[in-house]
Amino acid sequence: MDRIDIFPTDTWGDFRLRPGKPMPFGATIVPGGVNFSVYSTGAYSCELVLFKKHEPKPHAIIPFPDKYRIGHVFAMIVFDLDYEEYEYAYRMDGPFEPSSGHRFDKTKFLMDPYAAMIGERDVWGTEPDWSNQYQHRARIVQDDFDWEGDSPKEIPMEELLIYEMHVRGFTRHESSGLKYPGTYAAIREKIPYLKKLGVNCLELMPIHEFDEFENCRKTADGRRLLNYWGYSNVGFFAPKAGYAATGKYGMQVDELKTMIKDLHKNGIEVILDVVFNHTAEGNENGPYISYKGIDNKTYYILTPDGHYYNFSGCGNTLNCNHPVVRNMILDCLRYWVVEYHVDGFRFDLAAILGRDQSGAPMHNPPLLETLAFDPILGKCKLIAEAWDAGGLYQVGSFPSWDRWAEWNGKYRDDVRKFLKGDPGMTGAISQRVAGSPDLYHWGGRGTRATINFITCHDGFTLMDMVSYNQKHNEANGENNNDGGNDNQSWNCGCEGDTTDPEILRLRHKQIKNAVTLLLVSQGVPMILSGDEFGNTQFGNNNAYCQDCEISWLDWTMLKKNKDLFEYFQKMIAFRRNHSALRSSRHFQYRDYLGSGYPDISWHGVKAWQPDFSEGSRLFAFMLCGKHARQGQEPDNMIYVAMNMHWEMHGFELPKLPAGLSWHAAVNTDMASPYDIWKPGTEPRLDNGEVLVGPRSIMILIGK
Amino acid sequence: MAENFTVDFKGGVAKITLSGRLDTTKAPALTEELKKMIGQPVSRIVFFAKDLEYIASSGLRAIVFAKQKIGKDTKVYLIGAHDEIKDVIKMTGFDNFLITQDTYEDATNS
């Protein structure tokens, strides 16, 4: 028997209509038709505009009758709509009173804030027709993907090894050897590589629809600069079509889902970098795309006289703690988890998500609390970039409810300083390797709170960190004024490219030191893609606009720097083989299991005597294997000696229980393949001391 | 408007020959043809695609529809499609249910 509510009650021209369901917002396929629902607190009236695909002019404009509005929601079912054929927009009429926050303009075509697919920018880098009045076009998505039983993976946080990646840059270089480089499909083809490396989580830089032509410009030598990174949202719910090989067929949703399904099949999670701090509409001079014309006052934080606050550094600031916007963000994240099976999110400039509607930081921001306790997001990862461009820096103090993790910027800075031999860093390093208890132990936050990283998309690559003292951003056309100056980098004796074998050897060693330190630290390690084979951006530490060899991974480096790849691979395996390195809780600095050793202990050139003085560049720590995972998963004893001095030093080894002896597992001072030993082949050390070479790290295991 | 497909449905096997562009102008008619098979015993749907030049999302959706609505035991074949179309099928994960072959051996006649 047919449901009674699938019959139309009204007509408009050839279209048959019925009052819609206000929930859910967006365009939803319902029996017999499509339900369109959009809200605006300030609009007098609203029209649904239907375009035939690719047509510049509307095919039909259907006003929402007054009786189709409930509260602030306009909702309408259009029957017999061939949704594959259409793109849609809204037009809204309302007051244009910037001083009171309203900017309605009934001539503008406005994209649905809940658009699940956005068309007309289907192929990356194709110059749009700027005369088109409706640039980013909402399309209707069918939910017919076959997930074959897949669901989010729910890997425990402490087991993660995150690999940060730009979808296009990962495979766009011709050296990737793939048929459709720079796409979701290409990532799928690189899954065997990712498995070989050993990572189990991809963190994708923004993949929501953005406009690579936003603020595009040409340099003096005629090169076109794009918004390559994509930290500027056009639509929060729609995947970027230009990253799909099948975008020109309108199949980006399926291609992305297929990629995620296959990654999951291979034990790899997917975290999305989401940008809720601002949108691509900019300030009062920016374009109307969606929110500005639908509900400007609701979506953006405005000054009392109606101008845009700019805590994001990008012209506007999303009004994240307005209840309506809060719900949109929640709906959006739930959508990605439910529809795309994503495993978590990294929130760009997340401190903005904790600001109130006037821009002031809040003590218990309701948005962050809502996300922390949301049932659907209950097991997905929530990672904050715990600062914003308005000067709010919350590393270690981001509101968490023990659910939010943070990009630990202090980890990056301290480790970089220590690696280049700065004095006075051993105290800080003892905190960083222990999971930064100085930042996260309060309130019961465990080591899951800290995302440890040394490099990320923003800043030098690891190879550049050991090859440049200064940034070299001339290609960005901003007179080298853009990008950070506090890189804590060291070029090892020559700025940039060199053939000096001693300098090259030292650079490789420093890279190995960096990844070693990262992977023996408690917390969640994150690697920047390409660092495992020494990828360079030629000293550019802010390649946001470079859609070229500067940003694209050069896969020929994989062969050239084979020693680095193999070291990364083996060091990742070492971490996976040793439960003592992956605790979810902080150390207690005591022997609570009766093993005779504290769970962690500090050492120096003398066992049990760390040197935290200003002049010290040496530091060692020992993990008691019996305390690994609070005794739940016993491991070997692990001793890590770090010498960031430019001279060799002897380290007296702590005595092991009777029957155990120390074995050398890692020595970054040795050339490949003697820098890291296969499990079971580690050479035994019989004297009570090891010599750790200049700027080197040794790892011993007691077994 | 002349359709750029032909349908030959007998003995539980639907043979559909596609040509030209299967896009939003053609796919709805194809979907209508496929809808006629709902409720009937259909063991195979065979799309002959040698002369298919282009397939848009609407065309692919019509094929998905065939798989999902006509019968869970119905096998769906795509025969002789050129490389670009085969790539689209693969990249979107449709190769999980579509049997893609260069040539078709007619089991019903053997």
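Owing to the predicted nature of the structure, the values given are computational and were not obtained by experimental measurement. (Residues numbered from 1 in each chain as written. Chains lettered and ligands numbered in written order. Predicted model: local features only at pLDDT ≥ 70, side-chain atom pairs only at ≥ 80, totals over all residues. Heavy atoms only, no water.)

Focus on the overall build of chain B
We apply this condition: Secondary structure elements follow DSSP: runs of H or I no shorter than four residues count as helices, runs of E no shorter than two count as strands, and numbering proceeds from the N terminus. For this measure, only C-alpha atoms enter the radius of gyration; the expected value for a globule follows 2.2 Å times N^0.38, where N is the number of residues. Burial classification: accessible surface area is computed with a 1.4 Å probe over protein chains only, and a residue below 20% of its type maximum counts as buried, one above 50% as exposed, and the rest as partly exposed. The contact criterion used throughout is that any non-hydrogen atoms of two residues lie within 4.5 Å. Only the protein chains shown count as cover for residues, with accessible areas throughout obtained via the Shrake-Rupley method and a probe of 1.4 Å. Asp and Glu count as negative and Lys and Arg as positive, but His and the ends of the chain are not part of the count. Each charge is placed at NZ for Lys, CZ for Arg, CG for Asp and CD for Glu.
Regarding its fold elements, chain B presents three helices and five strands. Taken from the N to the C terminus, the helices and strands of chain B come in the order β-β-α-β-α-β-α-β. Over its C-alpha atoms chain B spans a radius of gyration of 13 Å, differing by no more than 12% from the 13 Å that the globule rule assigns to 110 residues. Referenced to the eigenvectors of the C-alpha coordinate spread, the extents of chain B come out at roughly 30 × 30 × 20 Å. Within the span of chain B, comprising 110 residues, buried residues form 52% of the whole. Look at the contacts in chain B between residues 6 or more apart in sequence, and 69% of them connect residues 24 or more apart. Total accessible area computed for chain B in this model is approximately 5,300 Å², and 49% of it derives from carbon and sulfur atoms. Distance from the positive charge centre (15 side chains) to the negative charge centre (15 side chains) of chain B: 6 Å.

Observations concerning helix α4 (residues 252–265) of chain A
All names here are of chain A. Heads up, the condition is: Expected span of a helix, by definition, is 1.5 Å for each gap between consecutive residues, and there is one gap fewer than residues.
The terminal C-alpha atoms of α4, which comprises 14 residues, lie 20 Å apart, in line with the 20 Å expected from a rise of 1.5 Å per residue. Of all 14 residues in α4, 13 are buried; the element is thus mostly enclosed. Two residues or fewer past α4, Gly 267 is found with a positive phi of approximately 80°.

Describing the interface of chain A and chain B
As a reminder of what qualifies: Accessible area that two parts lose when put together, evaluated with a 1.4 Å probe and summed over both, is termed the buried area. Any carboxyl oxygen of Asp or Glu within 4 Å of a side-chain nitrogen of Lys or Arg constitutes a salt bridge here. In protein, a polar contact requires one atom able to donate a hydrogen and another able to accept it; more generally it is a pair of N or O atoms within 3.5 Å, and residues adjacent in sequence count only if both atoms are side-chain atoms. When residues are sorted by character, Ala, Val, Leu, Ile, Met, Phe, Trp, Tyr, Cys and Pro go into the nonpolar class, Asp, Glu, Lys and Arg into the charged class, and all the rest, Gly among them, into the polar class.
With 22 residues of chain A at the contact, the number on the chain B side is 21 residues. With both chains or domains summed, chain A and chain B bury close to 1,900 Å², and 51% of this area falls on carbon and sulfur atoms. Where chain A packs against chain B, one counts five salt bridges. Lys179(A) is paired through a salt bridge with Asp87(B); the nearest N and O atoms lie 2.7 Å apart. Put simply, chain A and chain B have 14 residue pairs in polar contact (both at pLDDT 80 or more) between them. Counting only elements with at least two residues in the side of chain A that touches chain B, the list comes to α2 (184–189) and α4 of chain A. Ranked by the residues each element gives to the side of chain A that touches chain B, the list is headed by α4(A), at four residues. Considering only residue class, the side of chain A that touches chain B consists of six nonpolar, four polar and twelve charged.

Description of the sheet that holds strand β2 (residues 13–22) of chain B
Residues and elements named next belong to chain B. Here is the rule: At least two bridges found by DSSP between two strands are what make those strands a pair. To obtain an axis, a line is fitted to C-alpha atoms, over the contacting stretch when the element is a helix, and the angle between two such axes runs from 0 to 180 degrees between their N-to-C directions.
Reading across the sheet, the five strands line up as β1-β2-β3-β4-β5 and stay open at both edges, with mixed pairing between neighbours. The two strands at the open ends of the sheet, each matched to only one other strand, are β1 (5–10) and β5 (98–101). Each neighbouring strand pair of the sheet contributes to a mean axis angle of 20°, computed without reference to strand direction. Note: β1 against β2, six bridges, orientation antiparallel.

Thoughts on empty space enclosed by the protein
Residues and elements named next belong to chain A. Rule in force here: A 1.4 Å probe that fits but cannot get out identifies a cavity on a 1 Å grid over protein atoms alone, an open set with protein on both sides within 12 Å along at least five of seven lines counts as a pocket, and a residue lines either if it has an atom within 4 Å of a point. Grid points are joined across faces, edges and corners, and a volume is the space filled by probe spheres set on the points.
Applying the stated criterion across every chain yields a total of eight cavities of 30 Å³ or more. As a volume, the largest cavity reaches approximately 170 Å³. Contributing to the lining of the largest cavity are 17 residues, with His 166, Leu 528, Gln 537, Ser 551 and Leu 553 lying nearest its centre. When residues of the lining of the largest cavity are traced back to their parent elements, those giving at least two are β14 (162–165) and α1 (167–171). Tallied by class, the residues present in the lining of the largest cavity amount to eight nonpolar, eight polar and one charged. Of the volumes computed, that of the second largest cavity is approximately 120 Å³.

Some words on the pattern of salt bridges
Taken as a whole and assessed by the stated rule, the structure comprises 55 salt bridges over all chains. Taking the shortest distance from any N to any O, the salt bridge between Glu159(A) and Arg629(A) comes out at 2.2 Å. Within this pair, whereas Glu159(A) is found in the loop between β13 (137–139) and β14, its partner Arg629(A) is found in the loop between β27 (618–623) and β28 (637–643), the two being separated by 470 residues in sequence. Overlapping salt bridges, with partners in common, bring together Lys53(A), Glu84(A), Asp144(A), Asp254(A) and Arg61(B) in one network.

A closer look at the layout of surface pockets
Approximately 1,300 Å³ is the volume attributed to the second largest pocket. Around the second largest pocket sit 44 residues that line it, and Ile29(A), Tyr83(A), Val141(A), Gln142(A) and Asp143(A) are the ones nearest its centre. Of all the secondary-structure elements, those providing two or more residues to the lining of the second largest pocket are β3 (26–30) and α6 (323–340) of chain A together with α1 (27–35) and α2 (57–70) of chain B. Sort the elements by how many residues they give to the lining of the second largest pocket and α2(B) lands first, with seven residues. Looking at the lining of the second largest pocket, its residues break down into 22 nonpolar, eight polar and 14 charged.

Details of the packing of helix α5 (residues 291–299) of chain A against α6(A)
All names here are of chain A. The contact between α5 and α6 brings their axes to 9 Å, and the two run at 120°. Across the interface between the two elements, Tyr 291, Thr 298 and Tyr 299 of α5 pack against Val 324, Val 325 and Met 328 of α6. Residues that form the contact of α5 with α6 fall into these classes: five nonpolar, one polar and no charged.

Here we look at the confidence of the model for chain B
All names here are of chain B. Selection criterion: As a per-residue measure, pLDDT reflects the predictor's confidence and takes values from 0 up to 100.
A residue-level look at chain B finds 93% of positions with pLDDT of 70 or above and a mean pLDDT of 87. Taken element by element, chain B is modelled with least confidence in α2, mean pLDDT 86, and with most confidence in strand β4 (residues 75–79), mean pLDDT 94. What the predictor reports for the complex is a pTM of 0.96 with an ipTM of 0.88.

Topic: α5(A)
Every α-helix winds through 3.6 residues per turn, so residues three or four apart in the chain are directed the same way. Of all nine residues in α5(A), eight are buried; the element is thus mostly enclosed. Each element contacted by the buried residues of α5(A) is listed here: β4 (33–39), β9 (86–93), β11 (102–103), β19 (233–239) and α6 of chain A.

So, the sheet that holds strand β12 (residues 117–119) of chain A
Residues and elements named next belong to chain A. Read across the sheet, five strands follow the order β6-β5-β9-β13-β12 without closing on themselves; strand pairing throughout is antiparallel. Each of the sheet's edge strands pairs with one partner strand only, and the pair in question is β6 (60–63) and β12. On average, adjacent strands in this sheet sit at an angle of 40° to one another, irrespective of strand direction. Relative to β6, strand β5 (residues 45–52) runs antiparallel, the two sharing four bridges. Counterpart to Leu 50 in the pairing with β6 is Ala 60.

Thoughts on a nonpolar patch on the surface
Residues and elements named next belong to chain A. Threshold: Surface patches are defined over residues having more than 30% relative accessible area and no salt bridge, joining like charges when they lie within 9 Å and nonpolar side chains (Val, Leu, Ile, Met, Phe, Trp, Tyr) when within 5 Å.
A surface patch of nonpolar side chains, amounting to about 300 Å² of accessible area, comprises Met 670, Tyr 674 and Trp 677. In this structure, Trp 677 sits in the loop between β30 (662–667) and β31 (684–685). Residue class for Trp 677 comes out partly exposed when judged on its relative accessible area of 31%.

Details of the nonpolar core
Definition in use: The nonpolar core is taken to be a set of buried Ala, Val, Leu, Ile, Met, Phe, Trp, Tyr and Cys residues, with the residues joined through side-chain atoms within 4.5 Å.
Membership of the largest hydrophobic core comes to 196 residues, with the highest contact counts inside it found for Phe36(A), Phe345(A) and Phe347(A). Setting aside residues no more than four positions away along its own chain, Phe345(A) makes contact with Ile271(A), Leu272(A), Val274(A), Leu333(A), Trp336(A), Val337(A), Leu377(A), Cys380(A), Lys381(A), Leu382(A) and Ile383(A). Listed in part, the 35 residues of the second largest apolar core include Tyr249(A), Leu22(B), Leu60(B) and Val88(B).

As for the environment of Asp129(A)
Mapped onto the elements, Asp129(A) comes out in the loop between β12 and β13. On the accessibility criterion, Asp129(A) (49% relative accessible area) is partly exposed.

Points about the side chain of Asp87(B)
Following the sequence through the fold, Asp87(B) ends up in helix α3 (residues 83–91). Given the relative accessible area of 14%, Asp87(B) is considered buried. When neighbours within four sequence positions are excluded, Asp87(B) is seen to be in contact with Lys179(A) and Tyr180(A).

A word on the state of the cysteines
Residue and element names in this part refer to chain A. Note the threshold: Cysteine sulfur atoms that pair up within 2.5 Å are treated as a disulfide.
Considering all chains together, one arrives at zero disulfides over all chains under this definition. In this structure Cys 320 is a free cysteine whose sulfur lies 11 Å from that of Cys 332, the closest cysteine sulfur available. Cys 456 takes part in no disulfide bond, and the closest cysteine sulfur, belonging to Cys 201, lies 15 Å away.

A word on the packing of helix α8 (residues 409–419) of chain A against helix α12 (residues 501–520) of chain A
Residues and elements named next belong to chain A. This is how it is decided: These descriptions rest on fixed angle ranges, namely under 35 degrees for roughly parallel, over 145 for roughly antiparallel, 65 to 115 for roughly perpendicular, and the rest for oblique. Left-handed describes a crossing whose near helix is turned anticlockwise from the far helix by less than a right angle; the clockwise case is right-handed.
Axis separation between α8 and α12 bottoms out at 11 Å; the angle between their running directions is 140°. Considering their axes alone, α8 and α12 lie oblique with respect to each other. For the element pair α8 and α12, the recorded crossing hand is right-handed. Residues Tyr 411, Val 415, Phe 418 and Leu 419 of α8 form the contact with α12, whose participating residues are Gln 510, Asn 513, Ala 514, Leu 517 and Leu 518.

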